[in-house]
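# Summary of the model geometry
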Amino acid sequence: MTSFLPLADRLQASAARTPDAEAIVHGTRRVSYGELWAQVRAVAGYLKAGGLDRGDRVAVLLENSVEYVAAYYGTLAAGGVAVGLNASARAREISAWLDHCGARVLFVAARHPDVEALRARAHTGLTVVTVDASDDGDWKRLLASAPADVVPVGPEDTAAILYTSGTTGRPKGVTLSHGNLSANNASIIQYLGLLPSDRVLNLLPFFYSYGSSVLHTHLATGATLVIENNLIYPQKTLARLADERITGFPGVPSTFALLLQAADFSKFDLGALRYLTQAGGAMPPATIQRLREALPNARLFVMYGQTEATARLTYLPPDRLDDKLGSVGVPIPGVEIEVHDETDRPVPVGVDGEVCVRGGNVMTGYFNDQPATQSVLRNGWLHTGDLGHLDADGYLYLQGRRSDMIKSGAHRISPFDIEEVIAALPEVAETAVVGIPDDVLGEAIKAVITLKPGATLDAMQVQRHCSEQLPRYKVPRTVEFATSLPRTSSGKIKRYQLAGTAAAS
Amino acid sequence: MQQQIRSFILTSFLFTDDESKLKNHDSLLEQGIMDSTGVLELVGFLESQFGIKVADDELVPENLDSVDRIVAFVGRKQPAQSRAAAAV
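Residue positions are counted from 1 within each chain, in the order its sequence is given. The lettering of chains begins at A and the numbering of ligands begins at 1, in the order of writing. For a predicted model such as this one, the threshold for reporting local features is a pLDDT of at least 70, and the threshold for listing and counting side-chain atom pairs is 80 or more; totals across whole chains, interfaces and linings nevertheless cover every residue. Note: side-chain values were computed over all heavy atoms of the structure, leaving out hydrogens and water.

## Quick look at unusual backbone geometry
Even without being a glycine, Asp344(A) presents a positive backbone phi close to 70°. Helix numbering and strand numbering both begin at the N terminus, where a helix is a DSSP run of H or I of at least 4 residues and a strand a DSSP run of E of at least 2. Tracing the backbone through its elements, the reader meets Asp344(A) in the loop between strand 16 (335-340) and strand 17 (353-359). For Asp344(A), a relative accessible area of 15% corresponds to the buried category. Of note in the backbone geometry, Phe15(B) takes a positive phi value of approximately 55° without being a glycine. Burial status follows relative accessibility: with a 1.4 Å probe on protein chains alone, a residue under 20% of its type maximum counts as buried, one over 50% as exposed, and anything between as partly exposed.

As structure tokens, then:
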């Protein structure tokens, strides 16, 4: 078992070791460990001067940026609980999260479209700090705060809340302790063999567990994070990989599918790349093959994890990719895996069941939601909701999920959340949202709607309504109208039928 | 051509036919109008609508990040004969 080291202490150690090394590169900005640590101390000083107590929640609603990192680590250093929120979410969801976690402070981009609506929430005791580059803005003033030292924390203390795909009516806040983050961080650094000389190009949002793990592990190592916030122009991304001499590149299946589809890798010098990581759903073997051919010198780590387990649960050692193709690998250091049957007993090798895990990385629970916590943390194991089996060598093979969650690109999307928004349209009688297969994204969103008698509505009106209430990636690509929705005899909507074929209209 | 491109972007990415929502010089990236699959849809539309072929290395913001840039890019790509035909 590795020793306990809180994230803020690890960053402090990196800054003390190599203050002049590049910590973060974003666009034309290059921020050293020394500069980053100074910002973290200023944020911590600001929060403590404002009366932040240990365990108070601080929400960070920013795209990946130096400011995100400073606000997040400043919160941890002040003894607070950092809550990274989805930067593309709209007021409807954001308000639900802020209420749910009782945030005292919100860091939000000054140009966020809902910033005025969020400011109006001062009555809830929320302090809103806007972040922009201007000299007279909140952020610049805040950076002039008297710096504070790190507040000591223990492994049981709460460090972070990550909202996963719940609904606005019932947000699901995965609550992670400093011990959880420390344990998962150490395991990942170990199996990836991260070094201070590593330079990672990160496209993954820090407010999701995968991106968050990339951030924390590389800062703890003293490596360099190069932030890119989109993959709209694959040529630019590949040029960045070459120009910055990137050694590590994490992605989800759609990251690699988009790059392979739209760019010729051989035109770029990617010789420094030594590892690729892939999580976030199964990548088709054909994509794996093409990726290995395009980048023969980079080791590809196929991985599996869950926010409820901080981030990472298993990895497939790159030299086993051929003989264990299709597997997500073996447990990372410090994690145990069993497959359980319906009665929660372990099943024999080769038999499918629910993947159950335990280890220092397993969350303490869902924030303020004992029933939801008890439904997954039972008998000492985290029940992941994922189905699969172990082979005789202990390699895990996943077979799908129990839930109706849609996996699109890097996102896990609850269909109920989108249904809730569509159902608010007065013309709509009923709606069901499903994922349909998509070559690039894995799944794309389809909404099937039945209308009230005499009502009229077209697809574009539905999409526009959704785009006003939901982040872009949750807006249905396809909207179909039907006379009725297929149901089971007990009245449950048959989602698989809607996903499989065009609805009867 | 400009009107066809505007109409495609308005209906596919902004879900509206309100012309005031899109200015010809707006950066599609900065306005949050474009994402990584959107750009592929846009290219598919340009190829089928205007009979051009977009190469990998032409997938850059200089060609695609605003209505004005797209119009200029398609104009450069279209063979002279189809421009002549369009002018009739």
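Still more ground to cover, so stick around.
## Examining the packing of aromatic side chains
Put simply, two rings from Phe, Tyr or Trp (the six-membered ring, in Trp's case) pair if the centres are within 6.5 Å, and we call them stacked under 30 degrees between planes, edge-to-face over 60, tilted for the rest. Enumeration according to the criterion identifies 13 aromatic pairs over all chains in this entry. With 6.2 Å between their ring centres and 50° between their planes, Tyr191(A) and Phe301(A) make a pair best called tilted. Residue Tyr191(A) is found in helix 7 (residues 178-192), and its partner Phe301(A) is found in strand 13 (residues 299-305); the two are separated by 110 residues along the sequence. Classification of Tyr191(A) by relative accessible area gives buried; the value is 8%. A centroid spacing of 6.1 Å and a plane angle of 85° characterise the contact between Phe45(B) and Phe50(B), whose relative ring orientation is edge-to-face. One exposure class covers both Phe45(B) and Phe50(B), and it is buried.

## Some words on the interface of chain A and chain B
Contacts between residues were defined by any pair of non-hydrogen atoms, one from each residue, lying within 4.5 Å. Chain A puts 22 residues into the contact, and the matching count from chain B is 25 residues. Using a 1.4 Å probe, buried area is obtained as the accessible area two parts lose upon being combined, added over both of them. For the pair chain A and chain B, the summed buried surface comes to about 2000 Å²; carbon and sulfur atoms form 62% of the total. When the buried surface of chain A facing chain B is broken down by residue, Ile232(A), Tyr233(A) and Arg472(A) rank first, second and third, together holding 37% of it. The residue Arg472(A) makes a salt bridge to Asp35(B) at a minimum N-O spacing of 3.1 Å. Ranked by the residues each element gives to the side of chain A that touches chain B, the list is headed by helix 14 (residues 459-469) of chain A, at 4 residues. The classification used treats Ala, Val, Leu, Ile, Met, Phe, Trp, Tyr, Cys and Pro as nonpolar, Asp, Glu, Lys and Arg as charged, and all other residues, Gly among them, as polar. Classifying every residue of the side of chain A that touches chain B gives 10 nonpolar, 5 polar and 7 charged. The salt bridge criterion pairs a side-chain nitrogen of Lys or Arg with a carboxyl oxygen of Asp or Glu, the two atoms within 4 Å.

## Some details on helix 1 (residues 7-17) of chain A
Residues and elements named next belong to chain A. Residues of helix 1 that are buried include every one of Leu-7, Ala-8, Arg-10, Leu-11, Ser-14 and Ala-15, and no others. Each buried residue of helix 1 lies within a common arc of 160° when the element is viewed along its axis, so the set occupies one face. Turned more than 90 degrees away from the buried face of helix 1 sit Ala-16 and Arg-17, all of them exposed. Buried-residue contacts for helix 1 involve helix 2 (33-49), helix 3 (66-77), helix 7 and helix 8 (209-221). Taken from the helix axis, the directions to the C-beta atoms give the arc we talk about.

## Brief notes about helix 11 (residues 285-294) of chain A
Residue and element names in this part refer to chain A. Buried residues of helix 11: Thr-287, Ile-288 and Leu-291, and no others. In a view along the axis of helix 11, the buried residues occupy a sector of 100°, so they form one face of it. In helix 11, the exposed positions angled more than 90 degrees off the buried face are occupied by Ala-286 and Glu-293. Its buried side turned inward, helix 11 meets helix 10 (253-262), strand 12 (275-278) and strand 13.

## Some details on the domain arrangement of chain A
All names here are of chain A. Parsing chain A into structural domains produces domain 1 (32-177), domain 2 (230-401) and domain 3 (405-500). For the domain bounds, the source is a domain assignment made automatically or taken from a database. For domain 2 versus domain 3, the separation of C-alpha centres amounts to 28 Å. The interface is formed by 8 residues belonging to domain 2 together with 6 residues belonging to domain 3. Applying the counting rule to domain 2 against domain 3 returns 0 salt bridges. Distance and chemistry together define a polar contact, namely a pair of N or O atoms within 3.5 Å, with one atom able to donate a hydrogen and the other to accept it when in protein, and with adjacent residues in sequence counting only for side-chain atoms on both sides. Between the two partners, domain 2 and domain 3, sit 0 residue pairs in polar contact (both at pLDDT 80 or more). At 4 residues, helix 10 tops the list of elements feeding residues into the side of domain 2 that touches domain 3. Tallied by class, residues from the side of domain 2 that touches domain 3 come to 3 nonpolar, 4 polar and 1 charged.

## Section: the packing of helix 10 of chain A against helix 11 of chain A
Residue and element names in this part refer to chain A. Interhelical geometry of helix 10 versus helix 11 gives an angle of 60° and a closest axis separation of 10 Å. One finds that helix 10 runs oblique with respect to helix 11. Crossing of helix 10 against helix 11: the hand is left-handed. In this structure, helix 10 uses Phe-256, Ala-257, Leu-260 and Gln-261 to contact helix 11, whose residues at the interface are Thr-287, Arg-290, Leu-291 and Ala-294. Classifying every residue of the contact of helix 10 with helix 11 gives 5 nonpolar, 2 polar and 1 charged. Simply put, an axis is a line fit to the C-alpha atoms, just over the touching stretch for a helix, and the angle between two N-to-C directions goes from 0 to 180 degrees. Roughly parallel means an angle under 35 degrees; roughly antiparallel means over 145; roughly perpendicular covers 65 to 115; every other angle is labelled oblique. Less than a right angle of anticlockwise turn of the near helix away from the far helix marks a crossing as left-handed, whereas a clockwise turn marks it as right-handed.

## With respect to the packing of helix 1 (residues 2-13) of chain B against helix 4 (residues 67-77) of chain B
A pair of packed helices is characterised by two quantities: the angle between their axes and the separation of those axes. Residues and elements named next belong to chain B. At a minimum axis separation of 10 Å, helix 1 and helix 4 run at an interaxial angle of 130°. Comparing the axis directions of helix 1 and helix 4 gives the class oblique. For the crossing formed where helix 1 meets helix 4, the hand is right-handed. Here Gln-2, Ile-5, Arg-6 and Ile-9 of helix 1 lie close against helix 4, whose contacting residues are Val-67, Asp-68, Ile-70 and Val-71. Across the contact of helix 1 with helix 4, the residue classes tally to 5 nonpolar, 1 polar and 2 charged.

## Considerations on the side chain of Gln463(A)
Assignment of secondary structure puts Gln463(A) in helix 14. From its side chain, Gln463(A) meets the backbone oxygen of Pro476(A) in a polar contact 3.1 Å long.

## Considering the environment of Ile449(A)
Residue and element names in this part refer to chain A. For Ile-449, the position within the fold is in strand 25 (residues 442-451). Relative accessible area serves as the criterion here: at 0%, Ile-449 is assigned to the buried category. Separated by 230 residues in sequence, Ile-449 and Leu-219 have C-alpha atoms that sit 47 Å apart. Apart from residues no more than four positions distant in its own chain, Ile-449 is found in contact with Ile-422, Val-428, Glu-430, Thr-431, Val-462, Val-479, Glu-480, Phe-481 and Ala-482.

## Section: the nonpolar core
Membership of the largest hydrophobic core comes to 138 residues, with the highest contact counts inside it found for Phe107(A) and Leu219(A). Here this core takes 9 residues from helix 3 of chain A, the largest share from any one element. Aside from chain neighbours lying at most four places away, what touches Phe107(A) is Val43(A), Leu47(A), Val58(A), Ala59(A), Val60(A), Leu61(A), Leu62(A), Ala71(A), Val129(A), Val131(A), Trp139(A) and Leu142(A). Ranked by size, the runner-up nonpolar core spans 26 residues in total, among them Ala262(A), Phe45(B), Leu64(B) and Val67(B). In this text, buried Ala, Val, Leu, Ile, Met, Phe, Trp, Tyr and Cys residues form a nonpolar core when linked through side-chain atoms within 4.5 Å.

## Notes on the side chain of Arg6(B)
Residue and element names in this part refer to chain B. Secondary-structure assignment places Arg-6 in helix 1. Residue classification places Arg-6 among the buried positions, given a relative accessible area of 7%. Side chain to side chain, Arg-6 and Asn-24 meet in a polar contact 2.8 Å long. The contacts of Arg-6, once residues within four sequence positions are left out, are Glu-19, Leu-22, Lys-23, Asn-24 and Val-67.

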